[in-house]
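What follows is the residue order along each chain.
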Amino acid sequence: MSADRPVLVDDKLYTTEETAILLAATPRQVERLRRAKKLKCVRLTGAAVRHTGAQIRAFIDAATEGD
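Each residue is numbered by its place in its chain's sequence as written, counting from 1. Predicted model: local features are reported for residues with pLDDT of at least 70 only, side-chain atom pairs are reported and counted for 80 or more only, and whole-chain, interface and lining totals are derived from all residues. Only hydrogens and water are removed before side-chain values are computed, so all heavy atoms of the structure are retained for them.

### Here's the deal with the overall build of the protein
Where helices and strands are cited, they refer to DSSP runs of H or I of at least four residues and of E of at least two residues respectively, numbered from the N terminus. Along the protein, the regular secondary structure elements total 3 helices and 3 strands. Reading the secondary structure of the protein in the N-to-C direction produces β-α-α-β-β-α. Out of the 67 residues belonging to the protein, those deemed buried represent 27%. Intrachain contacts of the protein at a sequence separation of at least 6 include 47% that bridge at least 24 residues. For the protein, the exposed area adds up to about 4600 Å²; of that, 53% sits on carbon and sulfur atoms. To sort residues, take the accessible area from a 1.4 Å probe on protein chains only and compare it with the maximum for the residue type: under 20% means buried, over 50% means exposed, and anything in between is partly exposed. Should any heavy atoms of two residues lie within 4.5 Å, those residues are counted as being in contact. Where accessible areas are quoted, they stem from the Shrake-Rupley method and a 1.4 Å probe; at the residue level, only the protein chains shown are allowed to cover.

See the structure below:
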């Protein structure tokens, strides 16, 4: 694993704010990625959503394919 990649726990549920920090993005950018179906999420109740480490890793892998 590359040194510039965050260490993710597959079954941990990360908040939008935590996900933004891990992706070096803003919470608004994370929300846009989620709405565009580029970043998968786990919907809890109502508007509450979380992202697993595996979902974040899959997004990073897809975004860095070909690098």
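### A word on the pattern of salt bridges
The working definition used for a salt bridge is a side-chain nitrogen of Lys or Arg within 4 Å of a carboxyl oxygen of Asp or Glu. For the coordinates displayed, the defined rule picks out 2 salt bridges. Its salt-bridge partner being Asp10, residue Arg57 comes within 2.4 Å of it at the nearest N-O pair. Taken together, the residues Arg57 in helix α3 (residues 53–63) and Asp10 in the segment before β1 (13–14) connect sequence positions 47 residues apart. Judged by its relative accessible area of 42%, Asp10 is partly exposed. Lys12 is paired through a salt bridge with Glu18; the nearest N and O atoms lie 3.8 Å apart. For Lys12, a relative accessible area of 35% gives the class partly exposed.

### Points about the packing of helix α1 (residues 16–23) against helix α2 (residues 27–35)
Angular values range over 0 to 180 degrees, each being the angle between N-to-C directions of two axes fitted as lines to C-alpha atoms, with helices fitted over their stretch in contact. Contact pair α1 / α2: the axes reach a minimum separation of 8 Å and the direction vectors enclose 100°. With respect to their mutual orientation, α1 and α2 come out roughly perpendicular. Each of Thr16, Glu17, Thr19 and Ala20 in α1 lies in contact with α2, whose residues at this interface are Pro27, Val30, Glu31 and Arg34. Residues are grouped as follows: Ala, Val, Leu, Ile, Met, Phe, Trp, Tyr, Cys and Pro are nonpolar; Asp, Glu, Lys and Arg are charged; all remaining types, including Gly, are polar. For the contact of α1 with α2, a count of residues per class yields 3 nonpolar, 2 polar and 3 charged. Roughly parallel means an angle under 35 degrees; roughly antiparallel, over 145; roughly perpendicular, 65 to 115; everything else is oblique.

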